[in-house]
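In case you want the letters, here they are:
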Amino acid sequence: MEKEMAFIIFCIENYKVHRNLSGKETVKLFDDYGVLNYLENHYDVLHSTGYQFMNKDIDEFLEIRGFVPESKN
């Protein structure tokens, strides 16, 4: 579980920069839309990808679940 937690923290830190969010906003977003469970359940496949792929994958995951992110300016 330690590896999975480190990976989830990595994803949170990178995604918050990607979307210009606070850590608290990112964790709430991930929790509300099931991203935390997704990352934990698919750690074996996802942990070997880079942060750019992960940010895109998370954006797509959120979009499928109905979240529409604000445009980055």
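Up top you'll find the structure we're talking about.
To keep things clear, this report deals only with the structure shown in the data block. Being a predicted model, the structure only gives us computed values, none of them experimental.

## Overview of the overall build of the protein
- The number of helices and strands found in the protein is five helices and zero strands.
- Start at the N end of the protein and walk to the C end: the helices and strands fall as α-α-α-α-α.
- For 73 residues, the compact-globule estimate of 2.2 N^0.38 gives 11 Å, and the C-alpha radius of gyration of the protein, at 11 Å, lies within 12% of that figure.
- Once the C-alpha set of the protein is aligned to its principal axes, its extents read approximately 35 × 20 × 20 Å.
- Burial status across the protein gives 30% buried among its 73 residues.
- For the protein, the proportion of contacts with a sequence separation of at least 24, taken over those separated by at least 6, is 62%.
- If you sum the accessible surface of the protein, you get close to 5200 Å²; carbon and sulfur atoms cover 52% of it.
- With 8 positive and 13 negative side-chain charges, the protein shows a separation of 4 Å between the mean positions of the two kinds.

## Focus: the packing of aromatic side chains
- Taken as a whole, this structure holds four aromatic pairs when the rule is applied.
- With 5.6 Å between their ring centres and 70 degrees between their planes, Phe7 and Tyr43 make a pair best called edge-to-face. Placement of Phe7 in helix α1 (residues 2–18) and of Tyr43 in helix α4 (residues 43–46) is noted, with a sequence separation of 36 residues between them.
- Geometrically, the ring pair formed by Tyr15 and Phe30 is tilted, given 5.4 Å between the ring centres and 50 degrees between the ring planes. Of this pair, Tyr15 sits in helix α1 while Phe30 sits in helix α2 (residues 23–32), and the two are 15 residues apart along the sequence.
- In this arrangement the basic side chain of Arg65 is found over the ring face of Phe61, its NZ or CZ atom lying 3.6 Å from the centre.

What counts as what
Residues numbered from 1 in each chain as written. Predicted model: local features only at pLDDT ≥ 70, side-chain atom pairs only at ≥ 80, totals over all residues. Heavy atoms only, no water. Helix = DSSP H or I, 4+ residues; strand = E, 2+ residues; numbered from the N terminus. Rg over C-alpha atoms; globule rule 2.2 N^0.38 Å. Buried < 20%, exposed > 50% of the residue type's maximum accessible area, 1.4 Å probe, protein only. Contact = heavy atoms within 4.5 Å. Areas by Shrake-Rupley, 256 points an atom, 1.4 Å probe, with all protein chains shown as cover. Lys, Arg positive; Asp, Glu negative; His and termini not counted. Charge placed at Lys NZ, Arg CZ, Asp CG, Glu CD. Phe/Tyr/Trp six-rings, centres within 6.5 Å; stacked < 30°, edge-to-face > 60°. Lys NZ or Arg CZ within 6 Å of the ring centre and 35° of its normal.

Without other data, these values stay purely geometric and don't point to any function.
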